[in-house]
Amino acid sequence: MMKILKKAQERTEEDRKELSRMVQEIIDNVRGNGDEALKEYSRKFDQCERVSMRVSKEEVREAYMQLSPQEVADLKAAASNIQAFAKAQRETVKPLENFSPMPGIFLGHRIIPVKSCCCYVPGGNYPLYSTALMLIIPAKTAGVERVTACSPVMKGTGKINPKTLAAMDIAGVDEIYAVGGAQAIAAFSYGTEEIAPVDMIVGPGNRFVTEAKRQCYGQVGIDFVAGPSEVLVIADGSGTPEIVAADLLAQSEHDVNAKGMVVTTDEAFGKAVMEAVERELEQLETADIARKSWETYGEVVVVSDLDEAVNLVNEYAPEHLELNVQNPDALIPGLCNYGSLFIGENTAEVFGDYASGTNHTLPTLKAARYTGGVWVGTFLKTCTQQSMTPEAMRNIAPLVSRLADGEGLKGHRQAADIRFTSPK
């Protein structure tokens, strides 16, 4: 029987009406006033005065000069792993040619990259330069012709964080813009004098960015609507409580709404993890955020066996899922709802956040029930095609004619009939 050692506070529905109204106002302003609206918001929110939103090559060079050789080398090493995995994934997505469900009918599909995209890189509590690598590299590997990126400036400076700029450049971005927030989403969706619109926008952001993506979807494609970060650890008590605690707090420090969860078959282990969390919080530099997140949304649940753990996890559909158990391979076939899986105590979720190669832009708030994370395929379209011989056309046209007539679509029926009644 399930026992809750620590219960998370239920997330209340935000005042969506007010948020929606504010974001709609921003979108309308950008659509109506273009660059002038962007500059207005930059002054208002970031104390920023820029003549141009476009980041120059000189600014990128200056950014590199502010980084140590080790920092640049680290970014390149992470980029190499991310690119290698993206290339391997791309090779699994293949065209299909000349499949015949019946003689003379030839079906297939092409794999076509989107023409342009914007990679939104957050710059709020922390400069998430790792996100620049995670978004731009898969887009470039997919073959997107125009890959743009944007990020909010550091308040009062008019500049994007130098490490973020360097990461964007290392990833191979084509254009960079110093703009963030809902106004950036509107600009790349509808275009301004300086910013040409794109076909797709990917990347995480605050609730204003998320709501803007929601409202602009349709005008522009998006990856998904993401919420606060989540990690869930399945533990059988064979692991190290301090390691589990560290992984929970690594996500909790993202923001006060992040969620860390443990589902364990060992009550003593669950209690030991909670004690280890408290010890780490005493010395963690980001404890102000991590503690509030853990106290509000942290959860520790004891279950009777690992089968119950798997069922509960599939219901939670967490963003990150860690298997801290002796025999993880036995659990994997039953797990179907998660953003990314980390197998065994050696495999820290933070390795995936930065450098191991998988993508960290993942579904949250149970979206893992119906989508995976950003990957090279996010930027690819599978577009079908068909052709047929005259004999195949004559064979299938009567079938289509009858089906169309049954639906009452007489124009459809005629388009089939004319082909097998035509003298040709």
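Residues numbered from 1 in each chain as written. Predicted model: local features only at pLDDT ≥ 70, side-chain atom pairs only at ≥ 80, totals over all residues. Heavy atoms only, no water.

Visitor: Go over the pattern of salt bridges with me, naming the residues and quoting the values.
Guide: Side-chain pairing between opposite charges can occur once the charged atoms of the two side chains come close. Tallying each qualifying case throughout the model produces 25 salt bridges. For aspartate 405, the salt bridge identified is with lysine 410, shortest N-O distance 2.8 Å. We note a salt bridge from aspartate 417 to arginine 413, for which the minimum N-O separation is 3.8 Å. Taken as a pair, aspartate 417 and arginine 413 lie in helix H14 (residues 410–421) at a separation of 4 residues, close to a single helical turn. Shared partners join several salt bridges into a network, and the residues in it are Arg50, Glu59, Glu62 and Lys159. (Salt bridge = Lys/Arg side-chain N within 4 Å of Asp/Glu carboxyl O. Helix = DSSP H or I, 4+ residues; strand = E, 2+ residues; numbered from the N terminus.)

Visitor: Account for the UniProt feature "binding site: substrate" (unreviewed entry) in the chain, with residues named and values stated.
Guide: UniProt marks Ser229, Gln251, His254, His320, Asp353, Glu407 and His412 with the feature "binding site: substrate" (unreviewed entry), using the numbering shown here. Spanning 184 residues, the annotated positions stay apart in the fold, the maximum distance between their C-alpha atoms being 55.0 Å. Position of glutamate 407 relative to the elements: it lies in helix H13 (residues 390–407). As for its placement among the helices and strands, histidine 412 is situated in helix H14. (UniProt positions renumbered as here; feature names shortened; annotations may be inferred.)

Visitor: With reference to specific residues and values, describe the environment of alanine 187.
Guide: Looking at where alanine 187 falls in the secondary structure, it is placed in helix H6 (residues 181–190). Setting aside anything within four residues of it in sequence, one finds alanine 187 in contact with Val30, Leu38, Thr192 and Ile195. (Contact = heavy atoms within 4.5 Å.)

Visitor: Go over the pairing of strand E9 (residues 230–235) with me, naming the residues and quoting the values.
Guide: Of all 6 residues that make up E9, 6 are buried, and the element is covered over most of its length. A crossover connection joins E9 to the parallel strand E10 (residues 259–264) through helix H8 (residues 241–252); in handedness this β-α-β unit is right-handed. With 5 bridges connecting them, E9 and strand E12 (residues 320–324) associate as parallel partners. The partner of valine 231 across the bridge, within E12, is histidine 320. (Buried < 20%, exposed > 50% of the residue type's maximum accessible area, 1.4 Å probe, protein only. Right-handed = clockwise from strand over helix to strand, strands pointing away. Pairing = 2+ DSSP bridges.)

Visitor: Any chance you could break down the packing of aromatic side chains for me, citing the residues and the numbers?
Guide: Tallied over the entire structure, the rule returns 2 aromatic pairs. Here the aromatic rings of tyrosine 41 and phenylalanine 45 are separated by 5.8 Å at their centres, their planes lie at 5°, and the arrangement is stacked. Of this pair, tyrosine 41 and phenylalanine 45 both sit in helix H1 (residues 16–46), separated by 4 residues, roughly a single helical turn. Judged by its relative accessible area of 33%, phenylalanine 45 is partly exposed. The interplanar angle of 75° and the centroid separation of 5.5 Å between the aromatic rings of tyrosine 177 and phenylalanine 188 together place this pair among those described as edge-to-face. Here tyrosine 177 is found in strand E6 (residues 175–177), whereas its partner phenylalanine 188 is found in helix H6, with 11 residues between them in sequence. By the burial criterion, tyrosine 177 is buried, and phenylalanine 188 matches it. Above the plane of the ring of tyrosine 190 lies arginine 31, whose end atom (NZ or CZ) is 3.9 Å from the centre. (Phe/Tyr/Trp six-rings, centres within 6.5 Å; stacked < 30°, edge-to-face > 60°. Lys NZ or Arg CZ within 6 Å of the ring centre and 35° of its normal.)

Visitor: Residue-level account of the pairing of strand E3 (residues 105–113), with values.
Guide: As paired elements, strand E2 (residues 96–99) and E3 share 2 bridges and run antiparallel to each other. Its bridge partner being in E3, phenylalanine 99 is matched across the sheet by leucine 107. Connecting the antiparallel pair E2 and E3 is a turn made up of 5 residues, with glycine 104 showing a positive phi of about 90°. Relative to strand E14 (residues 380–388), E3 runs antiparallel, the two sharing 9 bridges. Looking at the pairing, isoleucine 111 lines up with threonine 382 of E14.

Visitor: Account for the side chain of aspartate 35, with residues named and values stated.
Guide: Tracing the backbone shows aspartate 35 in helix H1. Lysine 39 provides the closest opposite charge to the buried, salt-bridge-free aspartate 35, at an N-O distance of 5.8 Å. Filtering out sequence-adjacent residues up to four positions away, aspartate 35 remains in contact with Thr192, Glu193 and Glu194. (Lys, Arg positive; Asp, Glu negative; His and termini not counted.)

Visitor: Can you break down the sheet that holds strand E1 (residues 3–6) residue by residue, with the values?
Guide: Taken together, 6 strands build an open sheet; the order of strands is E1-E11-E10-E9-E12-E13 and the sheet is mixed. Two strands lie at the open edges of the sheet, namely E1 and strand E13 (340–343), each paired on one side alone. With strand direction ignored, the average angle separating the axes of adjacent strands in the sheet is 20°. Relative to strand E11 (residues 299–302), E10 runs parallel, the two being bridged by 4 bridges. Residue pairing in the sheet places threonine 264 in a bridge with valine 302 of E11. The sheet contacts of H8 involve E9, E10 and E12, and relative to E9 the element is tilted by about 165°. (Axes fitted to C-alpha atoms, helices over the stretch in contact; angles between N-to-C directions.)

Visitor: Can you break down empty space enclosed by the protein residue by residue, with the values?
Guide: This structure, assessed with the given rule, holds 1 cavity of 30 Å³ or more. Quantified by volume, the largest cavity comes out at close to 30 Å³. Lining the largest cavity, in full, are Asp247, Glu322, Leu323, Asn324, Gly344, Glu345, Thr347 and Ala348. Element by element, the count of residues in the lining of the largest cavity is highest for E12, at 3 residues. Of the residues contributing to the lining of the largest cavity, the split by class is 2 nonpolar, 3 polar and 3 charged. (1 Å grid on protein atoms, 1.4 Å probe; cavity = no way out; pocket = protein on both sides within 12 Å on 5 of 7 lines; lining within 4 Å. Points joined across faces, edges and corners; volume = space filled by probe spheres on them. Nonpolar A, V, L, I, M, F, W, Y, C, P; charged D, E, K, R; others polar.)

Visitor: Which residues make up the sheet that holds E3, and what are the values?
Guide: Strand order in the open sheet formed by 3 strands is E2-E3-E14, with antiparallel pairing between adjacent strands. Looking at strand neighbours, the two that pair on one side only are E2 and E14, the edges of this open sheet. Direction aside, neighbouring strands of the sheet carry axes that sit 15° apart on average. H13 rests against E3 and E14 of the sheet, and its axis sits at about 95° to E14.

Visitor: Any chance you could break down unusual backbone geometry for me, citing the residues and the numbers?
Guide: Only a minority of non-glycine residues have a phi that is not negative, and only a minority of peptide bonds are not trans. Despite not being glycine, glutamine 47 shows a phi value in the positive range, around 50°. In this fold, glutamine 47 is placed in the loop between H1 and helix H2 (57–65). Backbone geometry at lysine 366 places phi at a positive 70°, although glycine is not the residue there. Within the element layout of this structure, lysine 366 appears in the loop between helix H12 (349–354) and E14.

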